[in-house]
Amino acid sequence: EVQLQESGPGLVKPSQSLSLTCSVTGYSITSNYWGWIRKFPGNKMEWMGYISYSGSTSYNPSLKSRISITRDTSKNQFFLQLNSVTTEDTATYYCARGGIADYWGQGVMVTVSS
Amino acid sequence: IQLTQSPSLLSASVGDRVTLSCKGSQNINNYLAWYQQKLGEAPKLLIYNTNSLQTGIPSRFSGSGSGTDYTLTISSLQPEDVATYFCYQYNNGDTFGAGTKLELK
């Protein structure tokens, strides 16, 4: 069974970087696409970007200057880094498989606050 | 592409036929999916490509639509269907609707 699990700090200070890890079991990240989605307070959801089976990336244009998605195939993990965060980046962050997100992690709530 | 879901809140009774709407600001070309999110859980994919039922999803869920207008139908509402439902388009970029919260009357 495909399972995804996010991990990372739940509190980040403004202007710092947010770094999250998605650990995948039951499926190799060298197949398919793997992405990050966030849900803001109030329910708005946003695709942040994804990394492909080959390691190529695609990012939401609204985040392009701040976001980086990378991977470690030996650990079957992929990562999110979001730079220069503000309070508006406070959200629950999910990792997911595929362009239509058929499998999701449970999500990690990240608060940006000093 | 902007997605508008309606209604934002829907109250219905067990056994009711429930219809949720998702309208795009442009043609979505059937690249439309529906997710269910229960409180405290991750979203679950229900329908993709407008009307393809994801494996393991009960057949009371169905999707339809074309162009800019799409619908998720629950043929007979069950108590476990209480959740928020999101539509998502992947025709031009990736955008989610704001969600419809479904509660029991």
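For the structure itself, look to the data block above.
The shown structure was predicted, so the numbers you read here are calculated from the model rather than taken from an experiment.

Enquirer: Explanation requested: a nonpolar patch on the surface in the structure shown.
Expert: Residues and elements named next belong to chain B. Residues Val14, Val82 and Leu104 make up a contiguous nonpolar surface patch of about 220 Å² in total accessible area. Locating valine 82 in the fold gives a position in the loop between strand E8 (69-74) and strand E9 (83-89). Looking at valine 82, the relative accessible area reads 37%, which means it is partly exposed.

Enquirer: Just checking my understanding: could you explain the state of the cysteines for this structure?
Expert: Residue and element names in this part refer to chain A. Applying the stated criterion to the full structure yields two disulfides over all chains. Shown here is the disulfide that connects cysteine 22 with cysteine 95, its sulfur atoms set 2.1 Å apart. Here the disulfide of cysteine 22 and cysteine 95 is right-handed, its torsion about the S-S bond being about 65°. With cysteine 22 in strand E3 (residues 18-25) and cysteine 95 in strand E9 (residues 91-97), this pair connects stretches of sequence that are 73 residues apart. Exposure remark for cysteine 22: the relative accessible area of 0% places this residue in the buried category.

The rules behind these values
- Residues numbered from 1 in each chain as written.
- Chains lettered and ligands numbered in written order.
- Predicted model: local features only at pLDDT ≥ 70, side-chain atom pairs only at ≥ 80, totals over all residues.
- Heavy atoms only, no water.
- Patch = residues over 30% accessible without salt bridge, like charges linked within 9 Å, V, L, I, M, F, W, Y side chains within 5 Å.
- Areas by Shrake-Rupley, 256 points an atom, 1.4 Å probe, with all protein chains shown as cover.
- Salt bridge = Lys/Arg side-chain N within 4 Å of Asp/Glu carboxyl O.
- Helix = DSSP H or I, 4+ residues; strand = E, 2+ residues; numbered from the N terminus.
- Buried < 20%, exposed > 50% of the residue type's maximum accessible area, 1.4 Å probe, protein only.
- Disulfide = S-S within 2.5 Å.

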